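Spelled out, the chains give:
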Amino acid sequence: MAQQADITAMRRAVELAARGLGSTSPNPVVGCVITDASGHPVGEGWHQRAGGPHAEVHALREAGVLARGGTAYVTLEPCNHTGRTGPCAQALTEAGISRVVYAVGDPNPQATGGADTLRAAGVEVASGVLADEAEAVNIAWLTSVRHGRPFVRWKYAATLDGRIAAADGTSRWITSAESRADVHRLRAEADAVVVGSGTARADDPHLAVRGMDEAVQPLRVVVDTEATAVKPGARILDDAAPTLIAVAEEAETALPDVVRLPRAERGLSVPALLEALHARGVRSVLLEGGPTLAGAFVAAGAVDQVVGYLAPVLLGAGPAALADAGISTITEALRLDITDISNIGSDIRITATLKGA
Ligand SMILES: NC(=O)c1ccc[n+]([C@@H]2O[C@H](COP(=O)([O-])OP(=O)(O)OC[C@H]3O[C@@H](n4cnc5c(N)ncnc54)[C@H](OP(=O)(O)O)[C@@H]3O)[C@@H](O)[C@H]2O)c1
């Protein structure tokens, strides 16, 4: 059983880790708290951007000599390799830390082994404290390392009767201004925002983050098989954020930023799209619809988390949130676990993951 002091310090480390969401890719988010030999917090840090110091290094700098004989709480097993920065296991040992508590083991084959290095240097090591919380904050990076593809969060905004647009295709706005602002936070956390050609045609979406000065803009992606939906002058082609149009291998287009992908039975191959994004350093995708493309992602087993904004609005006609996902009978229904329900403005936001994921 973890001691209360360990839990308190690790909870703070998880809060710190969350500050890096959206700006550390392709690295994980990591938070670190250092307490001195008598258990008082003397240093804090989080990994702020790829190529910058790791969380442990920030916290050690703040702690200075007070780290000697103290404990380091880290949300992810300290790394053991020299990348753009030196190994954290060694930095902790050199600073005289006598105990390291981490939440989640590092699944990255290049970086793992930090715990063994620390133990070999005589440092006491414990793991698993607040592992669920630390796993949740880092789920995008952990998923991308474990599955070799980006983490996919599918977001939609629907009426209480489950419609994402009216019968004439209009959908602005179903949800409250607060929910729409919350979506900008999700965009800021993602490395890429993806929509289908149907949404590009219907909405001419912009897809950049607005209202968050510090945000790193995501890559805006339209899956446009025939290269006919995104036309010169489309809002997505402005310079607010980078843009990539996914098209078929033989599609004719004069647009500069395209990736050519193999076709699937319908449209483009979803696994090939995710592979191409992963190769560009994308570790997390916010899939913003529409229902047809979302159905293809679900059918491909490529949705890790669902975030639904439900507005107290009725339409009675119009497309449902999710189109055909290859499920034809109730025994094949995808069952989800709800991980959060929040009130956002006048709406409810439900977050869910695949059962057992
Ligand atoms: N409320 C919300 O949350 C929300 C969010 C987004 C959109 N919307 C609404 O949804 C409507 C548009 O949705 P939609 O379902 O018509 O379009 P969509 O899902 O945005 O795009 C569908 C199109 O994507 C292309 N595509 C490429 N690869 C695909 C694949 N593997 N599987 C399936 N499609 C693939 C196909 O066209 P090509 O192959 O020809 O390129 C397909 O027709 C609009 O009314 C919009 O306002 C609402």
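The preceding data block contains the structure.
Conventions adopted
Residues numbered from 1 in each chain as written. Predicted model: local features only at pLDDT ≥ 70, side-chain atom pairs only at ≥ 80, totals over all residues. Heavy atoms only, no water. Helix = DSSP H or I, 4+ residues; strand = E, 2+ residues; numbered from the N terminus. Rg over C-alpha atoms; globule rule 2.2 N^0.38 Å. Contact = heavy atoms within 4.5 Å. Near = heavy atom within 4 Å. Polar contact = N/O pair within 3.5 Å; in protein donor to acceptor, adjacent residues only side chain to side chain. Areas by Shrake-Rupley, 256 points an atom, 1.4 Å probe, with all protein chains shown as cover. Nonpolar A, V, L, I, M, F, W, Y, C, P; charged D, E, K, R; others polar. Phe/Tyr/Trp six-rings, centres within 6.5 Å; stacked < 30°, edge-to-face > 60°. Buried < 20%, exposed > 50% of the residue type's maximum accessible area, 1.4 Å probe, protein only. Pairing = 2+ DSSP bridges. Axes fitted to C-alpha atoms, helices over the stretch in contact; angles between N-to-C directions. Salt bridge = Lys/Arg side-chain N within 4 Å of Asp/Glu carboxyl O.

**Student:** For this particular structure, what's the right way to read the overall build of the protein?
**Tutor:** The secondary structure content of the protein amounts to ten helices and 14 strands. A globule of 357 residues ought to have a C-alpha radius of gyration of about 21 Å, and the protein, at 22 Å, matches this closely. Summarising its shape, the C-alpha atoms of the protein cover approximately 65 × 45 × 40 Å along the three principal directions. Contacts in the protein between residues at least 24 apart in sequence constitute 68% of all its contacts with a sequence separation of at least 6.

**Student:** What is the right way to look at the site of the ligand in this model?
**Tutor:** With respect to spatial proximity, 26 residues lie near the ligand, and among them A157, T199, T225, L268 and T292 are the closest. Between the ligand and S197, the relevant distance is 2.9 Å, taken from an oxygen atom to a side-chain nitrogen or oxygen of the residue. The side chain of T199 places a nitrogen or oxygen atom 2.6 Å from an oxygen atom of the ligand. Compared with its free state, where it exposes 930 Å², the ligand has 85% of that area covered by protein. Among the secondary structure elements, those contributing two or more residues to the shell around the ligand are β6 (151–159), α8 (197–203) and α10 (291–299). Ranked by the residues each element gives to the shell around the ligand, the list is headed by α8, at five residues. Along the lines of polarity and charge, the residues of the shell around the ligand split into eleven nonpolar, eleven polar and four charged.

**Student:** Explain the packing of aromatic side chains here, please?
**Tutor:** Given two aromatic rings, their pairing is described by the distance between the two centres and the angle made by the two planes. For the structure on display, the rule yields one aromatic pair. Judged by centre distance (4.8 Å) and plane angle (35°), the rings of W154 and Y156 are tilted. Here W154 falls in the buried class, since its relative accessible area comes to 6%.

**Student:** I tried to follow the pairing of strand β13 (residues 336–344) on my own but got confused; where do I start?
**Tutor:** The two faces of a sheet get side chains in turn, since along a regular strand they alternate between them. Where β13 meets strand β14 (residues 347–354), eight bridges bridge the pair, whose relative direction is antiparallel. The residue bridging D340 from the neighbouring strand is T351, located in β14. Linking β13 back to β14 in an antiparallel pair, the connection comprises two residues, with G345 at a positive phi of about 55°.

**Student:** Would you take a moment to explain the sheet that holds strand β2 (residues 41–46) for this structure?
**Tutor:** Strands pair in a sheet through their backbones, by hydrogen bonds, and they do so in one of two ways: parallel or antiparallel. One open sheet accounts for five strands, arranged β2-β1-β3-β4-β5; its pairing is mixed. Strands at the two margins of the open sheet, each flanked by one partner only, are β2 and β5 (124–127). The average angle at which neighbouring strand axes cross in this sheet is 15°, direction not considered. Sheet analysis places strand β3 (residues 71–76) next to strand β4 (residues 99–104), joined by five bridges and oriented parallel. Looking at the pairing, T71 lines up with R99 of β4. Helix α1 (residues 4–18) rests against β1 (31–35), β2, β3 and β4 of the sheet, and its axis sits at about 50° to β3.

**Student:** Could you clarify how one ought to interpret the side chain of S179 in this entry?
**Tutor:** Structurally, S179 can be placed in helix α7 (residues 177–189). Among all residues touching S179, those that are not within four sequence positions of it are Y309, I344 and D347.

**Student:** Whenever I open this one, the sheet that holds strand β12 (residues 305–311) confuses me. Can you help?
**Tutor:** In space, the nine strands of this open sheet follow the order β10-β9-β8-β7-β11-β6-β12-β14-β13, with mixed pairing throughout. Strand pairing shows two members of the sheet lacking a second neighbour, β10 (258–261) and β13, which therefore form its edges. For this sheet the average axis-to-axis angle between neighbouring strands, irrespective of direction, equals 20°. Inspection of the sheet shows β6 paired to β12 by seven bridges, in the parallel sense. Bridging across to β12, R153 finds its partner in Q305.

**Student:** Help me understand the pattern of salt bridges in this model?
**Tutor:** One pass over the structure, following the stated rule, counts 19 salt bridges. The partner of R12 in a salt bridge is E15, and the shortest N-O contact between them spans 2.9 Å. Of this pair, R12 and E15 both sit in helix α1, three residues apart, which is roughly one turn of the helix. Here D304 makes a salt bridge to R149, at a shortest N to O gap of 2.8 Å.

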